[in-house]
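Structure at a glance
Residue-level listing of the chains:
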Amino acid sequence: MLHHIPLPQIQNIMSLTPTDQDQITNINPSGELHVIVGPMFAGKTTALLRRIKSEATNGRNIAMIKSNKDTRYAIDSVVTHDGTKYPCWALPDLLSFKQKLGEEAYGKVDVIGIDEAQFFDDLYEFCCKAADHDGKTVVVAGLDGDYLRRNFGPVLDIVPLADTVTKLTARCELCGKKAHFTFRKTNETKTELIGGADMYMPVCRQHYVNGHIVKKPVV
Ligand SMILES: Nc1ncnc2c1ncn2[C@@H]1O[C@H](COP(=O)(O)OP(=O)(O)O)[C@@H](O)[C@H]1O
Ligand SMILES: Cc1cn([C@H]2C[C@H](O)[C@@H](COP(=O)(O)O)O2)c(=O)[nH]c1=O
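Just so you know, these numbers come straight off a predicted model, no measurement behind them.

Rules of the game
Residues numbered from 1 in each chain as written. Chains lettered and ligands numbered in written order. Predicted model: local features only at pLDDT ≥ 70, side-chain atom pairs only at ≥ 80, totals over all residues. Heavy atoms only, no water. Phe/Tyr/Trp six-rings, centres within 6.5 Å; stacked < 30°, edge-to-face > 60°. Buried < 20%, exposed > 50% of the residue type's maximum accessible area, 1.4 Å probe, protein only. Helix = DSSP H or I, 4+ residues; strand = E, 2+ residues; numbered from the N terminus. Salt bridge = Lys/Arg side-chain N within 4 Å of Asp/Glu carboxyl O. UniProt positions renumbered as here; feature names shortened; annotations may be inferred. Contact = heavy atoms within 4.5 Å. Polar contact = N/O pair within 3.5 Å; in protein donor to acceptor, adjacent residues only side chain to side chain. Near = heavy atom within 4 Å. Areas by Shrake-Rupley, 256 points an atom, 1.4 Å probe, with all protein chains shown as cover.

Some points on the packing of aromatic side chains
The geometry of an aromatic ring pair comes down to the distance between the two centres and the angle between the two planes. The tally for this structure, following the rule as stated, stands at four aromatic pairs. On the basis of an interplanar angle of 70° and a centroid distance of 6.3 Å, the ring pair of Phe97 and Tyr106 is categorised as edge-to-face. With a relative accessible area of 0%, Phe97 lands in the buried category. Residue class for Tyr106 comes out buried when judged on its relative accessible area of 5%. Look at Phe181 and Tyr208: their rings are 5.5 Å apart centre to centre, the planes differ by 55°, and that puts the pair in the tilted class. Remark: Tyr208 occurs in helix H7 (residues 205-215) and Phe181 occurs in strand S11 (residues 181-184); sequence separation between them is 27 residues.

Topic: the pattern of salt bridges
Counting across every chain of the model gives twelve salt bridges. One salt bridge connects Glu116 with Arg72, and the closest N-O pair in it is separated by 2.9 Å. In this pair, Glu116 is assigned in the loop between strand S6 (111-115) and helix H6 (123-133) and Arg72 in the loop between strand S2 (62-67) and strand S3 (77-79), connecting sequence segments 44 residues apart. Linking Glu104 and Lys108 is a salt bridge whose minimum nitrogen-to-oxygen distance equals 3.5 Å. One end of the pair is Glu104 and the other is Lys108, both in helix H5 (residues 103-108) and four residues apart, which spans about a single turn. In this pair, the class of Glu104 matches that of Lys108, namely exposed. A single salt-bridge network, built from bridges that share partners, covers Glu32, Arg51, Glu55 and Arg60.

Describing the UniProt feature "active site" (unreviewed entry) in the protein
Per the UniProt record, the feature "active site" (unreviewed entry) sits at Glu116. If sequence neighbours within four positions are ignored, Glu116 has contacts with Ser67, Asp70, Arg72 and Ala141. A polar side-chain atom of Glu116 sits 2.9 Å from a polar atom in the side chain of Arg72.

Topic: the UniProt feature "binding site: substrate" (unreviewed entry) in the protein
When the UniProt feature table is mapped onto this chain, "binding site: substrate" (unreviewed entry) is found at Tyr200. Here Tyr200 is in contact with Met40, Phe41, Tyr147, Thr182, Phe183, Arg184, Lys185, Leu193 and Gly195, once residues within four sequence places are set aside. A polar contact is formed between the side chain of Tyr200 and the side chain of Arg184, at a distance of 3.0 Å.

Digging into the environment of Asp70
With respect to the element layout, Asp70 can be found in the loop between S2 and S3. Here Asp70 falls in the buried class, since its relative accessible area comes to 7%. Residues Asp70 and Ala90, 20 residues apart in the sequence, show an inter-C-alpha distance of 8.3 Å. Setting aside its immediate chain neighbours within four residues, Asp70 contacts Glu116 and Ile194.

Details of the side chain of Gln118
Mapped onto the secondary structure, Gln118 falls in the loop between S6 and H6. Relative accessible area serves as the criterion here: at 3%, Gln118 is assigned to the buried category. A distance of 2.9 Å separates polar atoms of two side chains, one belonging to Gln118 and the other to Glu116. A polar contact of 3.0 Å, which involves the side chain of Gln118, links it to the backbone nitrogen of Leu143. For Gln118, the residues in contact, after removing those within four places along its chain, are Gly142, Leu143, Phe152, Gly153, Pro154 and Val155.

Let's talk about the site of ligand 1
If you check the shell around ligand 1, you find 15 residues, and the closest are Phe41, Lys44, Thr45, Thr46 and His81. Between Ala42 and ligand 1, the recorded distance is 3.0 Å, taken from a backbone N or O atom to an oxygen atom. Gly43 places a main-chain nitrogen or oxygen 2.9 Å from an oxygen atom of ligand 1. Relative to its free-state accessible area of 590 Å², ligand 1 is covered by the protein chains to the extent of 74%.

Given below as structure tokens:
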């Protein structure tokens, strides 16, 4: 927003020659941010891996990260519900990634994939820095909503930063229609509860609402 820039600086920017503008472009190479959301089983990780593999095929240097809270199928791999795997860094936070990888190696990374983004509190700061200032292409996959359809972590906060946002759907396990929501099958009420088909199922709107009516305790 222009009102954050003092007027003299705005005038300076507007009077730049094309050569000056090229230099600015080189100082701050332009990155990208792509966000993939949807309920569990919608194919978010599958879409993330598809994109990452295609970037790798085009010769780009990849770093894949997932939250270390997700210990379901493997510790050091991103794994889809149908078993496709990709090696990754399993981390507690994102901002320490550059330091962990090393400045030089980080500089060589072109594309950063992030899975289970709902678990990273520093997602917004990391995406801002990586895409706006470090010129990285960042592809983020995560749940937009929790089992009660509330915002889950900071995933929706990064939508205003994004080049593209894709909301995927699964198949309702009860009727086969498009599923937009994740139903928790247990009575556990904490927001974060790691699990797969043993604890969750994707459902359509009708079965989400009916399921909650059925689950309400009789008083
Ligand atoms: N009810 C369902 N609807 C859609 N896919 C399902 C369902 N149950 C299991 N799957 C499997 O899950 C895969 C998607 O897994 P994944 O990419 O890990 O999803 P997400 O990351 O969104 O949880 C599908 O290709 C399919 O094989
Ligand atoms: C809805 C919901 C999910 N979780 C957990 C369950 C899984 O471990 C992940 C989501 O994995 P997926 O790759 O999208 O299948 O999140 C949770 O902790 N709380 C919830 O409300």
